[in-house]
Amino acid sequence: GQAYDGDNIGVSGKVDTRRTVETTTVAQAEGAIEGVWSDYMVASPFATAFKYSRFDATEAKPRDVSKLTGKKTRMAATAYSVGAS
């Protein structure tokens with residue numbers, strides 16, 4: 001996910017804050033994901049195809065962080081690089 005996309009920006013989406021014995025989830029990571037939760041639904045338990053799937057991709061552009069509305073956190077520069085060699 002976002003830890004390996006190379007932009008050094010973490011994005012925190014909506015989370016549930018209500019914690020009780022029984023809780024119904026309402027947050028679906030809005031703000032941190034491209035599109036909406038239903039864009040990530042797959043046809044079966046082992047399916048890999050969905051709107052934003054990169055499973056069979058040989059190349060993929062990084063996400064466009066400007067389109068995400070969640071809280072953005074710039075990560076510290078590291079001494080290593082991420083990617084295939």
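Everything below is about the structure shown above.
Below, the structure is looked at part by part.

Each value, and the rule that gives it
Residue indices follow the written sequence of each chain, beginning from 1 at its first position. Whole-chain, interface and lining totals are the exception, using all residues; otherwise, since this is a predicted model, local features are given only for residues with pLDDT of at least 70 and side-chain atom pairs are given and counted only at 80 or more. Neither water nor hydrogens contribute to the side-chain values; these are computed over all heavy atoms in the structure. Helix numbers and strand numbers start at the N terminus; a helix is a DSSP run of H or I with at least 4 residues, a strand a run of E with at least 2. Only protein chains enter the accessibility calculation, which uses a 1.4 Å probe; a residue whose area is less than 20% of its type maximum is buried, one above 50% is exposed, and one in between is partly exposed. Here, Shrake-Rupley sampling with a 1.4 Å probe gives the accessible areas, and only protein chains in the shown set may cover a residue. A pair of aromatic rings is counted whenever rings of Phe, Tyr or Trp (Trp by its six-membered ring) have centres within 6.5 Å, and the orientation is called stacked for planes under 30 degrees apart, edge-to-face for over 60 and tilted otherwise. Working rule for contacts: check all heavy atoms of both residues, and any pair within 4.5 Å makes them a contact. Nonpolar side chains (Val, Leu, Ile, Met, Phe, Trp, Tyr) are joined into patches within 5 Å and like charges within 9 Å, using only residues with over 30% relative accessible area and no salt bridge. Salt bridges are counted wherever a side-chain nitrogen of Lys or Arg sits within 4 Å of a carboxyl oxygen of Asp or Glu. Within 3.5 Å is the distance limit for a polar contact, defined as a pair of N or O atoms, with the added protein rule that one can donate a hydrogen and the other accept it, and that residues adjacent in sequence qualify only through two side-chain atoms.

Attention shifts here to the overall build of the protein chain. In terms of regular secondary structure, the protein chain is built from zero helices and two strands. Within the protein chain, the fraction of its 85 residues that count as buried is 14%. For the protein chain, the computed accessible surface area is about 7,300 Å², with 55% contributed by carbon and sulfur atoms.

Before going further, it helps to spend a moment on unusual backbone geometry. Outside of glycine, negative phi angles account for most residues, and trans bonds account for most peptide bonds. Positive phi is not limited to glycine here, since alanine 29 has a value of about 65°. Structurally, alanine 29 can be placed in the loop between strand S1 (9–12) and strand S2 (71–74). Classification of alanine 29 by relative accessible area gives partly exposed; the value is 28%.

Further remarks concern the packing of aromatic side chains. Per the counting criterion, the structure on display carries two aromatic pairs. Geometrically, the ring pair formed by tyrosine 40 and phenylalanine 50 is tilted, given 5.4 Å between the ring centres and 35° between the ring planes. Here the residue tyrosine 40 occupies a position in the loop between S1 and S2, and phenylalanine 50 occupies one in the loop between S1 and S2, the gap between them amounting to 10 residues. With a centroid separation of 5.5 Å and an interplanar angle of 25°, the aromatic rings of tyrosine 40 and tyrosine 52 are classed as stacked. Placement of tyrosine 40 in the loop between S1 and S2 and of tyrosine 52 in the loop between S1 and S2 is noted, with a sequence separation of 12 residues between them.

Once that is clear, we can look at the side chain of aspartate 39. Looking at where aspartate 39 falls in the secondary structure, it is placed in the loop between S1 and S2. Aspartate 39 has contacts with Glu34, Phe50, Lys51 and Tyr52, leaving out every residue within four places of it along the chain.

On the surface, Val36, Trp37 and Met41 cluster together to form a nonpolar patch covering roughly 330 Å² of accessible area. One can find tryptophan 37 in the loop between S1 and S2.

Further remarks concern the side chain of aspartate 16. Here aspartate 16 lies in the loop between S1 and S2. Among the residues examined, aspartate 16 registers a relative accessible area of 15% and is labelled buried. Reaching out from aspartate 16, the side chain makes a polar contact with the backbone nitrogen of valine 26 at a distance of 3.0 Å. Separated by 2.8 Å, the side chain of aspartate 16 and the backbone nitrogen of alanine 27 make a polar contact. With sequence-adjacent residues up to four places away left out, aspartate 16 is seen in contact with Thr25, Val26 and Ala27.

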